[in-house]
Amino acid sequence: MRKRIHILAMGGTIAGKAGDSAATTGYQAGAMGIEELVAAVPQVKEIAEITGEQIAAIDSKDITAAEQLRLAGRVRELLLKGDVDGIVVTHGTDTMEESVYLLDLLHFADKPVVFTGAMRPATALSADGPLNLLDAVRVAVSAQARDRGVLVVLNNAIHSARLVTKISTTAVETFQSPNGGAIGAVNDGVVVFYHSAELHHLPNALRVSEQLTGQGELPYVPILYGHSDDDGRLVESVVENGAKAIVYAGMGNGSIPARVEKELAAAVQKGLWVIRASSSACGMVTRAEDSYEQAGFIASGLINPRKARLLLQVAKSCGLTPAVWQKFLG
């Protein structure tokens, strides 16, 4: 019996249309509906029983927490009903790594949930979306994809939600995992996993998911980007404007200018959590200066600033203690 795969469409470049087939920029994202998207890849129906629905039709740079939580809620509903064997989500690439990580934190089932997208619109001569969608379905029906959390599949590579990031503005191989590499590949239709993947979704994710997906927003947790001559005034500003926690994307190994460190330490004293992350493309943020530890700053480990922000938002929303969520940084 063929497996049942449900596709949730969010819009993005994979559903984009341009007036010129030679154009790979300047297109309208999300212009193609789910039916047209699936019809363009008839091979998917040869490997699975396909159903689908349109959740949104947006350029992912405009996605809101409400839309991300609505997507998470629909995934949760489908998995609880048990009517599907796996889920594929088509999503814009600009914020895919954030949506996929949020779902990974809330994911509780062993069934595959696979995100895919494209770097070129569907109307382009060299559109990458159709093969990406086909590969995503191939991964979703694979027994090897079970119990691995939420996955990202593009350009024949399989990545974990925790480590994947977009590194190029326009290249089709934009999604990479600099701190660990891809966990698998789709080689001419054959799904191969290189090694086992640790699970990183939160304990009691079913309860957390139920609690969060009923909300329309997440707590205000800004990311402040470090730079030379940073004087810390933005820290003071976000605290005054209601920040519940702060991610500071510092230099190198999460280094923080002295003036900023002072303001962040004051924020911790007011009850805010502060994560030291890095603006560098890769590498682990580890314990550094003693003063950082004394101030109560938390090193981001292997996750990037955007994912650190989501982790803090989930933790704050659900009343999780640092002892519970800090282990997801290693």
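Further up the page is the structure itself.
The shown structure was predicted, so the numbers you read here are calculated from the model rather than taken from an experiment.

Under the defined criterion, the tally for this structure stands at two aromatic pairs. Between Trp273 and Trp325, the aromatic rings sit 5.1 Å apart at their centres with planes inclined by 50 degrees, giving tilted as the arrangement. Taken together, the residues Trp273 in strand S13 (residues 273–278) and Trp325 in helix H11 (residues 322–325) connect sequence positions 52 residues apart. Across the pair, Trp325 and Trp273 agree in class, each one buried. An angle of 40 degrees between the planes, with centres 6.1 Å apart, marks the rings of Tyr292 and Phe297 as tilted. For Tyr292, a relative accessible area of 2% corresponds to the buried category.

Spatially, four strands are ordered S11-S12-S13-S14 in an open sheet, and the strand pairing comes out parallel. Strands at the two margins of the open sheet, each flanked by one partner only, are strand S11 (223–225) and strand S14 (298–299). With three bridges joining them, S11 and strand S12 (residues 245–250) adopt parallel strand pairing. Bridge assignment links Leu224 to a residue of S12, and that residue is Tyr248.

This part covers the pairing of strand S3 (residues 86–90). With respect to burial, S3 is a largely interior element, five of its five residues being buried. The sheet contact formed by strand S1 (residues 4–11) and S3 spans five bridges and is parallel. Bridge pairing in S3 links Ala9 to Thr90. As paired elements, S3 and strand S4 (residues 113–116) share four bridges and run parallel to each other.

Because an α-helix packs 3.6 residues into every turn, residues spaced three or four apart end up facing the same way. Three or more residues of helix H7 (residues 233–240) are buried, namely Val235, Val238 and Val239. Here the buried residues of H7 occupy an arc of 105 degrees about the axis, which is enough to place them on one side. Turned more than 90 degrees away from the buried face of H7 sit Arg233 and Glu240, all of them exposed. Buried residues along H7 sit against S11, S12 and helix H8 (258–269). One or two residues past the end of H7 sits Gly242, with phi positive at roughly 95 degrees.

Attention shifts here to the pattern of salt bridges. A side chain with one charge can pair with a side chain of the opposite charge if their charged atoms come near. Inspection of every chain in the model, using the stated rule, returns 16 salt bridges. One salt bridge connects Arg74 with Glu77, and the closest N-O pair in it is separated by 2.8 Å. Of this pair, Arg74 and Glu77 both sit in helix H3 (residues 65–81), three residues apart, which is roughly one turn of that helix. A relative accessible area of 18% means that Arg74 is categorised as buried. Residue class for Glu77 comes out partly exposed when judged on its relative accessible area of 40%. A salt bridge links Glu98 to Arg306; its shortest N-O distance comes to 2.7 Å. Of this pair, Glu98 sits in helix H4 (residues 96–106) while Arg306 sits in helix H10 (residues 305–318), and the two are 208 residues apart along the sequence.

Within the largest apolar cluster, 54 residues are counted, with the highest numbers of intra-cluster contacts made by Ile87, Phe115 and Trp325. Discounting chain neighbours no more than four positions away, the residues touching Ile87 are His6, Leu8, Val75, Leu78, Leu79, Pro112, Val113 and Val114.

The next point concerns the packing of H3 against H4. Between H3 and H4, the shortest axis-to-axis distance is 10 Å and the interhelical angle comes to 45 degrees. In terms of orientation, H3 and H4 fall into the oblique class. Note on packing geometry: the crossing formed by H3 with H4 is right-handed. Packed against H3, whose contacting residues are Gln68, Leu69, Leu71, Ala72 and Val75, the element H4 presents Glu98, Ser99, Leu102, Leu103 and Leu106 at the interface.

What counts as what
- Throughout this description, residue numbers start from 1 for each chain and increase along the sequence as written.
- Selection of residues for local features in this predicted model requires a pLDDT of at least 70, selection of side-chain atom pairs for listing and counting requires 80 or more, and totals for whole chains, interfaces and linings are taken over all residues.
- As a rule here, side-chain values come from all non-hydrogen atoms in the structure, and water together with hydrogens is ignored.
- Ring pairs shown here join Phe, Tyr and Trp side chains whose ring centres sit within 6.5 Å, with only the six-membered ring taken for Trp; geometry is labelled stacked below 30 degrees between planes, edge-to-face above 60, and tilted in between.
- Runs of H or I in DSSP of at least four residues are treated as helices and runs of E of at least two as strands, each being numbered from the N terminus.
- Relative accessibility thresholds used throughout: buried, under 20% of the residue-type maximum; exposed, over 50%; partly exposed, between the two (1.4 Å probe, protein chains only).
- DSSP calls a pair of strands paired once it identifies at least 2 bridges connecting them.
- As used here, the arc belongs to the directions running from the helix axis to the C-beta atoms.
- Contacts between residues were defined by any pair of non-hydrogen atoms, one from each residue, lying within 4.5 Å.
- When a carboxyl oxygen of Asp or Glu lies within 4 Å of a side-chain nitrogen of Lys or Arg, that pair is called a salt bridge.
- Note on terminology: a nonpolar core comprises buried Ala, Val, Leu, Ile, Met, Phe, Trp, Tyr and Cys residues joined through side-chain atoms within 4.5 Å.
- For helices, the fitted axis covers only the stretch in contact; all axes are lines through C-alpha atoms, and the angles between them, taken along N-to-C directions, range from 0 to 180 degrees.
- These descriptions rest on fixed angle ranges, namely under 35 degrees for roughly parallel, over 145 for roughly antiparallel, 65 to 115 for roughly perpendicular, and the rest for oblique.
- Crossing chirality is assigned from the near helix's rotation relative to the far helix, an anticlockwise turn below a right angle marking it left-handed and a clockwise turn marking it right-handed.

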